[in-house]
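# Tertiary structure, described
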Amino acid sequence: MMDAGIEDNSNHDFSGYDVRVTDAAQNGDTFVYVIKSQQISSDMEYRFEREFEDFEWLHHCLLTQEGVTGLHGIIFPPLPAKPGTSLSNSEAKTKKKIESLAMVDDWQMYCRALEEYLHLVTAHPVLVKNPAVHSFLKHREPPIKTKVKKGIFNKLTQAVEELRKEHHKDIDDFFQNERDSNLTLTAFTKAAAEKFLEIVLTEQKIAIACGHFSTALHLGIGQDDDPADYAFAKMCLKLSEVLDTVKKNFEKVAENDLNTLGFNLELHSRFQDAEKEMLFRRTCKLVDVETANKNLGQAKPHKKAAMEDIKKAADKEFDEISGMAKVEIQRYHRERVRAFQKALIELELAATCFCCSSTGWLSLNSHV
Amino acid sequence: MADDSERVPPPFPESEQRETDPADGESDEDSDDFEGEDIFTGNSQPSEPKKDPLPPAAPTTTTTTSSNTKTNGLHSDDEEQDIFAEATVELALDSPLNNRKREPAQAKPSAPGPSLTVTGPSTLKPPPAKTFEELEEEEEEDAFELNIAVTNPEKVGDGMNAYMAYKVSTQTNLPMFKCKTYTVKRRFSDFLGLYEKLSEKHSQNGYIVPPPPEKSILGMTKVKVGKEDSSSVEFVERRRASLERYLQRVVSHPSLLQDPDVREFLEKDELPRAVSTQALSGAGFLKMINRATDAVSKMTIKMNESDIWFEEKLLEVESEDQHLRKLLSVVETLVNHRKELSSNTAMFAKSVAMLGSSEDNTALSRALSQLAEVEDKIEQLHQDQACNDFFILAELFADYIRLLTAVRGSFDHRMKTWQRWQDAQTTLQKKRENEAKLLWANKPDKLQQAKDEISEWESKVTQYERDFERVSATVRKEVLRFEKEKAMDFKNQLVRYLETLLHSHQQLIKYWEAFLPEAKAIA
């Protein structure tokens with residue numbers, strides 16, 4: 001495993017990366033994530049550690065990249081929510097809803113979410129060209145960050161004034177439809193993700209209960225002088241074995257559910273939000289265009305030229321955004337459907353596999 | 001274990017499934033006959049007792065060789081025969097029954113049949129070695145059948161005077177019943193009344209009388225008020241099932257079956273209302289008081305246990321009780337979680353359906369609605385499995401916790417008879433002292449009375465001592481029978497439970513496999 005030194009920024013190679021987030025470790029108060037990345041075109045493999053703030057910085061750089069046409073039309077891959085400071089699941093238990101994957105007490109899941117984020121970034125034809133990506137994925141030392149003002153774009157939708165803009169009628173049917181369907185899809189995806197994660201939690205609870213049941217059965221087994229006692233003891237052991245299988249089955253099912261559909265639904269509910277933000281940015285720009293037009297119409301002659309310039313700039317930006325947005329939207333839906341299909345197939349295959357193996361075991365062992 | 005790749009489940013063994021009721025009359029006597037056999041692998045090592053020419057009652061008392069050396073209550077089986085000869089009316093020896101018993105007893109020495117009251121057949125041939133399965137099969141072929149079902153809960157009447165009437169159907173070819181089938185309607189208090197009668201007559205002799213299901217004022221009030229929700233439906237079903245099990249246990253007890261009250265319960269169209277079973281009645285309060293005094297007196301009896309078997313057994317019973325309680329609470333947690341899973345799955349199914357309907361891509365939309373359907377079916381599956389967990393396992397544990405109370409009761413009655421014997425001895429001693437005093441004081445007229453009293457008490461002491469030994473023997477026998485029945489019961493229920501697990505897994509596979517083509521068809 002070779003370590004690259006600081007490379008000259010002019011030597012960018014914009015080919016794809018193969019990135020793995022292999023582990024999470026606790027470093028004092030914070031967590032670090034061990035990342036392995038390999039650029040496809042070269043043989044070089046890099047291994048380094050990053051903290052969550054590094055991810056946030058990367059995200060910030062992507063959002064504020066200069067010189068990209070239609071930047072605001074990009075649907076930025078969503079960064080997973082910041083993990084809680086402790087690994088415990090107690091937060092999830094007190095709050096009734098599952099708000100983020102980080103609450104489902106599973107660090108592997110969280111690493112996978114971060115990994116997926118990096119995949120999405122490096123797979124994006126425009127975003128991968130951002131030098132921040134390069135420095136994130138190749139340099140040993142984490143990039144120098146300036147204090148990030150808490151995601152401006154994230155908070156956009158919460159301003160009261162913006163809420164009004166959100167419902168602004170669109171000039172383009174394609175986009176209006178997209179905005180409407182995004183609204184419903186977001187709500188439903190979130191609901192489905194929540195319910196599904198609750199199923200996973202319950203499955204885990206059942207696994208634990210089976211374990212307790214299995215252990216409790218062992219308690220009464222001691223004396224076997226009596227044939228009846230011995231028979232009874234054998235019964236308990238048998239049931240205990242069966243329960244162990246059931247427990248393992250539920251554990252596997254829960255894990256699988258989480259890995260496939262759970263992961264997918266959660267990611268896409270965040271992605272829907274990202275799309276919503278993009279559409280909102282575009283709508284804001286639309287409002288700007290319409291305002292500029294209005295101003296131009298109302299402008300006094302000596303200001304007309306300035307207004308004209310503003311209008312032209314707004315128009316140009318809006319067109320760029322719309323252009324990029326259209327491409328992004330189509331790409332997004334393709335990817336979404338593909339990912340959903342993959343998740344559903346994996347869900348099904350694993351479910352049948354577990355069921356088959358436990359069915360086989362059960363039928364062999366039901367000869368009591 | 002587990003994780004093997006897919007394999008075709010072998011066909012479920014048929015022979016295990018032939019047993020109908022766990023507590024059927026026949027199974028009981030059968031189990032009497034295989035002490036020392038490994039019930040599971042069917043290795044047959046007929047134990048010595050089978051070759052014993054003593055009546056079938058005897059084998060149960062010689063389960064372990066050590067018990068042969070125990071003297072308490074095991075004097076001779078002659079005594080047992082005597083006892084049944086002088087038995088009270090309830091344990092009437094039905095001669096046709098015995099005759100019937102003798103025939104198969106000679107043909108098939110495994111001598112199944114619900115009656116324990118055998119005086120005749122000392123001509124038992126030693127049984128050939130049989131596997132468990134063969135003996136089970138014999139059971140089926142045997143003529144003795146008594147099947148009881150409790151079905152059709154119906155609400156009768158209105159308002160607070162309403163009650164549930166259950167249909168009790170009996171199918172039998174036992175000669176002691178006049179007809180082959182009976183159908184009667186009974187209400188819950190009738191069952192309680194039956195228990196009261198049986199308990200009064202038999203508990204004091206050390207018999208373990210199966211307790212009926214518990215009263216539930218809350219449950220019944222909901223039913224009376226007419227609340228038709230799932231919890232009251234579940235309550236009625238739970239009660240029906242436990243009443244059925246209760247009756248099955250009663251009739252599988254050889255001595256209790258002989259009781260004419262049992263027969264009356266099964267046969268008679270109208271039973272007088274058992275008023276003393278009402279919770280908030282004068283009789284009810286009286287019972288509570290009696291129970292309290294019993295508890296107090298139990299605490300004060302310090303028995304000189306001459307037979308360690310009883311002491312050990314009691315300890316075993318105590319630890320078993322604790323074990324069962326723990327199991328019960330654990331199962332109840334499992335049931336609750338499963339119910340939760342079922343409702344979560346239902347909610348998820350709904351949200352997936354909504355997601356599917358708002359999805360533009362038609363293939364994905366269809367796949368999602370398919371997923372919603374699959375999840376709906378799975379929800380039902382979870383619900384069913386939760387019910388199975390409950391009705392098969394939880395109720396089993398709960399039943400046995402109650403039964404263990406009855407077992408403890410029989411130990412208590414034994415203690416009472418011991419106490420009575422001791423008290424009689426004390427009284428006798430006092431009378432003797434009195435006589436000595438009179439002799440000393442030289443009062444010949446009172447002397448005769450004293451002598452009479454002494455001989456009266458001497459016979460009482462003998463009587464009570466014999467009582468004690470008889471009751472001890474009964475308790476011992478009962479406990480052994482109970483343990484065997486318990487092992488059988490658990491085995492049967494476990495088999496049933498495994499079947500349900502197997503079935504639900506198979507269904508799961510079917511549902512998911514039906515989904516795969518839809519998932520693949522996306523894009």
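Each value, and the rule that gives it
In this numbering scheme, every chain counts its residues from 1 along its sequence in written order. For this description, chains carry letters from A and ligands carry numbers from 1, given in the order in which they are written. A pLDDT threshold of at least 70 governs which residues receive local features in this predicted model, and a stricter bar of 80 or more applies before side-chain atom pairs are shown or counted, although totals over entire chains, interfaces and linings include all residues. Side-chain metrics rest on all non-hydrogen atoms present in the structure, leaving aside hydrogens and water. To qualify as a helix, a DSSP run of H or I must reach at least 4 residues; to qualify as a strand, a run of E must reach at least 2; elements of each kind are numbered from the N terminus. Three exposure classes are used, based on accessible area relative to the maximum for each residue type with a 1.4 Å probe and protein chains only: buried under 20%, partly exposed in between, and exposed over 50%. Contacts between residues were defined by any pair of non-hydrogen atoms, one from each residue, lying within 4.5 Å. Accessible areas in this description were obtained via Shrake-Rupley with a 1.4 Å probe; residue shielding takes into account the shown protein chains only. The span you would expect from a helix comes to 1.5 Å times its residue count less one. Bend at a residue means the angle formed by two fitted axes: the first through the 7 residues ending at that position, the second through the 7 residues beginning there. Counting of polar contacts relies on pairs of N or O atoms within 3.5 Å, with two restrictions inside protein: one atom must be capable of donating a hydrogen and the other of accepting it, and residues adjacent in sequence are counted only when both atoms are side-chain atoms. Any Lys or Arg side-chain nitrogen located within 4 Å of an Asp or Glu carboxyl oxygen qualifies as a salt bridge. Put simply, the grid is 1 Å and covers the protein atoms alone, a cavity is a trapped set of points that fit a 1.4 Å probe, a pocket is an open set with protein on both sides within 12 Å along at least five of seven lines, and lining residues have an atom within 4 Å of a point. Grid points are joined across faces, edges and corners, and a volume is the space filled by probe spheres set on the points. Basically, the charged four are Asp, Glu, Lys and Arg, the nonpolar ten are Ala, Val, Leu, Ile, Met, Phe, Trp, Tyr, Cys and Pro, and anything else, Gly included, counts as polar. Here the rule is simple: two strands pair whenever DSSP picks up at least two bridges between them. As a rule, the C-alpha atoms of each element are fitted with a line to give its axis, helices using only the stretch in contact, and angles between N-to-C directions run from 0 to 180 degrees. Working rule for angles: under 35 degrees goes down as roughly parallel, over 145 as roughly antiparallel, 65 to 115 as roughly perpendicular, anything else as oblique. Two cysteine sulfurs form a disulfide in these notes if their separation is within 2.5 Å. The term buried area means the drop in 1.4 Å probe accessible area that two parts suffer when joined, counted for both and summed. By convention a nonpolar core is built from buried Ala, Val, Leu, Ile, Met, Phe, Trp, Tyr and Cys residues, the set being connected through side-chain atoms within 4.5 Å. Here a crossing is called left-handed whenever its near helix is offset anticlockwise from the far helix by less than a right angle, and right-handed whenever the offset is clockwise. Only centres within 6.5 Å qualify two rings of Phe, Tyr or Trp (six-membered ring in Trp) as a pair; their planes then separate them into stacked at under 30 degrees, edge-to-face at over 60, and tilted for everything else. As a per-residue quantity, pLDDT reports the predictor's confidence and falls between 0 and 100.

## Brief notes about the overall build of chain B
Along the backbone of chain B there are 14 helices and three strands. Counting over 523 residues, chain B shows a buried share of 54%. Long-range pairs, those at least 24 residues apart, make up 76% of the contacts in chain B with a sequence separation of at least 6. With an accessible surface of roughly 24,100 Å², chain B has 53% of that area assigned to carbon and sulfur atoms.

## With respect to the overall build of chain A
The helix and strand inventory of chain A stands at nine helices and three strands. Going from N to C terminus, chain A has its helices and strands arranged as β-β-β-α-α-α-α-α-α-α-α-α. Every one of the 368 residues in chain A was classed for burial, and the buried ones make up 52%. Restricting to contacts in chain A with at least 6 residues of sequence separation, those with at least 24 account for 73%. Of the accessible surface of chain A, which amounts to about 17,400 Å², a share of 54% is contributed by carbon and sulfur atoms.

## Focus on helix H13 (residues 362-441) of chain B
Along an α-helix, residues three or four positions apart point the same way, because every turn accommodates 3.6 residues. Residue and element names in this part refer to chain B. Taking 1.5 Å of rise per residue, the 80 residues of H13 would be expected to cover 118 Å, and the 116 Å separating its terminal C-alpha atoms lies within 8% of that figure. At Glu395, H13 shows its largest bend, some 30°. Measuring from the side-chain oxygen of the N-cap residue of H13 to the backbone nitrogen of Ala363 gives 3.1 Å; that N-cap residue is Asn361. Positive backbone phi, approximately 55°, marks Asn442, located one or two places after H13.

## Observations concerning the pattern of salt bridges
Residues and elements named next belong to chain B. A full pass over the atoms with the stated rule returns 44 salt bridges over all chains. Between Asp399 and Arg245 there is a salt bridge, with its nearest N and O atoms 2.4 Å apart. With Asp399 in helix H13 and Arg245 in helix H8 (residues 230-252), the pair connects residues that are 154 residues apart, well separated along the chain. Both residues of the pair, Asp399 and Arg245, belong to the buried class. Across the pair Arg249 and Asp399 runs a salt bridge whose closest N-O atoms are separated by 3.2 Å. Highlighted residues: Arg249 in helix H8 and Asp399 in helix H13, separated in sequence by 150 residues. Sharing partners across several salt bridges, the network here consists of Glu214, Arg238, Arg245, Arg249, Glu395, Asp399, Arg402 and Asp489.

## Thoughts on empty space enclosed by the protein
Per the stated rule, a full pass over the model turns up 17 cavities of 30 Å³ or more. The computed volume of the largest cavity comes to approximately 380 Å³. Lining the largest cavity are 24 residues, and of these Glu203 and Val253 of chain A together with Ile378, His382 and Leu508 of chain B sit closest to its centre. Listed by contribution, the elements that provide at least two residues to the lining of the largest cavity are helix H7 (173-219), helix H8 (227-298) and helix H9 (301-365) of chain A together with helix H12 (308-357), H13 and helix H14 (444-520) of chain B. Of the residues contributing to the lining of the largest cavity, the split by class is 14 nonpolar, six polar and four charged.

## Quick notes on the sheet that holds strand E3 (residues 181-187) of chain B
Residue and element names in this part refer to chain B. A sheet is described by the order of its strands in space; here three strands give the open sequence E1-E2-E3, paired in antiparallel fashion. At either margin of the open sheet sits one strand with a lone partner, and together these are strand E1 (146-156) and E3. Going from strand to strand, the sheet's axes swing by 20° on average, the running direction of each strand aside. The strands touched by H8 within the sheet are E1 and strand E2 (163-172), with E1 carrying the most contacts at an inclination of about 150°.

## A look at the sheet that holds strand E1 (residues 17-27) of chain A
Residues and elements named next belong to chain A. With respect to topology, three strands assemble into an open sheet ordered E1-E2-E3, the strand pairing being antiparallel. Two strands bound the open sheet, and with one partner strand each, they are E1 and strand E3 (45-51). Strand-to-strand twist across the sheet, computed as the mean angle between neighbouring axes with direction ignored, equals 20°. Bridge count for E1 against strand E2 (residues 30-39) is 10 bridges, and the pairing is antiparallel. Across the sheet, Ala25 pairs through a bridge with Val32, a residue of E2. On top of the sheet, helix H3 (residues 107-123) reaches E1 and E2; it is set at about 145° to E1, its chief contact.

## Here's the deal with the packing of H13 of chain B against H14 of chain B
Residue and element names in this part refer to chain B. Interaxial distance between H13 and H14 falls to 9 Å at its minimum, and their mutual angle equals 170°. Looking at the two axes, H13 sits roughly antiparallel to H14. Class assignment of the residues belonging to the contact of H13 with H14 gives a composition of 38 nonpolar, 12 polar and 20 charged.

## Some thoughts on the state of the cysteines
All names here are of chain A. Under the criterion given, the structure shown has zero disulfides over all chains. Between Cys353, a cysteine without a disulfide, and Cys356, which holds the nearest cysteine sulfur, the sulfur-to-sulfur distance is 7.2 Å. Using a relative accessible area of 38% as the deciding quantity, one classes Cys353 as partly exposed.

## Points about the interface of chain A and chain B
On the chain B side, the residues contacting the 72 residues of chain A number 73 residues. In total, about 6,600 Å² of surface goes out of reach between chain A and chain B, with carbon and sulfur atoms giving 77% of it. The tally of links between chain A and chain B comes to two salt bridges. Note that Arg336 of chain A and Glu359 of chain B form a salt bridge whose closest N and O atoms lie 2.9 Å from each other. Taken together, chain A and chain B are joined by seven residue pairs in polar contact (both at pLDDT 80 or more). For the side of chain A that touches chain B, the residue count by class is 39 nonpolar, 19 polar and 14 charged.

## A word on the nonpolar core
Of all hydrophobic cores here, the largest spans 98 residues; its most connected members are Phe213, Leu261, Leu265 and Leu344 of chain A together with Phe397 and Trp512 of chain B. Within the residue set of this core, elements represented by two or more residues are H3, H7, H8 and H9 of chain A together with H12, H13 and H14 of chain B. The element that contributes the greatest number of residues to this core is H13 of chain B, accounting for 23 residues. In this view, Phe397 of chain B contacts Phe213 of chain A together with Leu324, Leu327, Leu328, Val331 and Phe490 of chain B; residues no more than four positions away in its chain are not counted.

## Thoughts on the packing of helix H1 (residues 52-63) of chain A against helix H4 (residues 131-138) of chain A
Residues and elements named next belong to chain A. One way to put it is that H1 packs onto H4 with a least axis distance of 9 Å and a crossing angle of 160°. Here H1 lies roughly antiparallel to H4, going by the angle between them. Taken as a pair, H1 and H4 cross one another with a handedness that is left-handed. Side by side, H1 and H4 meet where Asp54, Phe55, Leu58, Cys61 and Leu62 of the first sit next to Ala132, Val133 and Phe136 of the second. A per-class count over the contact of H1 with H4 returns seven nonpolar, no polar and one charged.

## Notes on the packing of aromatic side chains
How two aromatic rings sit relative to each other is given by the distance of their centres and the angle of their planes. Residue and element names in this part refer to chain A. For the structure on display, the rule yields 20 aromatic pairs over all chains. Considering the side-chain rings of Phe174 and Phe175, the 5.1 Å spacing of their centres and the 85° angle between planes classify their relative orientation as edge-to-face. The class of Phe174 is partly exposed, set by a relative accessible area of 27%. We classify Phe175 as buried; its relative accessible area is 1%.

## Some points on the environment of Leu355 of chain B
Summarising the element assignment, Leu355 of chain B is placed in helix H12. Counting along the chain gives 17 residues from Leu355 of chain B to Ala372 of chain B, while the straight-line C-alpha distance between them is 9.5 Å. Discounting residues that sit within four places of it in the chain, Leu355 of chain B has contacts with Leu185, Phe188, Thr189, Ala192, Leu265 and Phe340 of chain A together with Leu368 of chain B.

## Thoughts on the confidence of the model for chain B
Residue and element names in this part refer to chain B. For chain B, per-residue confidence averages 73 on the pLDDT scale, and 69% of positions sit at 70 or higher. Least confident of the elements in chain B is helix H2 (residues 65-68), whose mean pLDDT is 37; most confident is H12, at 91. A low-confidence stretch, residues 1-7 stays under pLDDT 50, and its non-local contacts, those more than four residues away or across chains, total 14 contacts. Within the model, the stretch residues 11-142 combines pLDDT values under 50 with 216 contacts to residues more than four positions away or in other chains. Reported confidences for the modelled complex are a pTM of 0.73 and an ipTM of 0.83.

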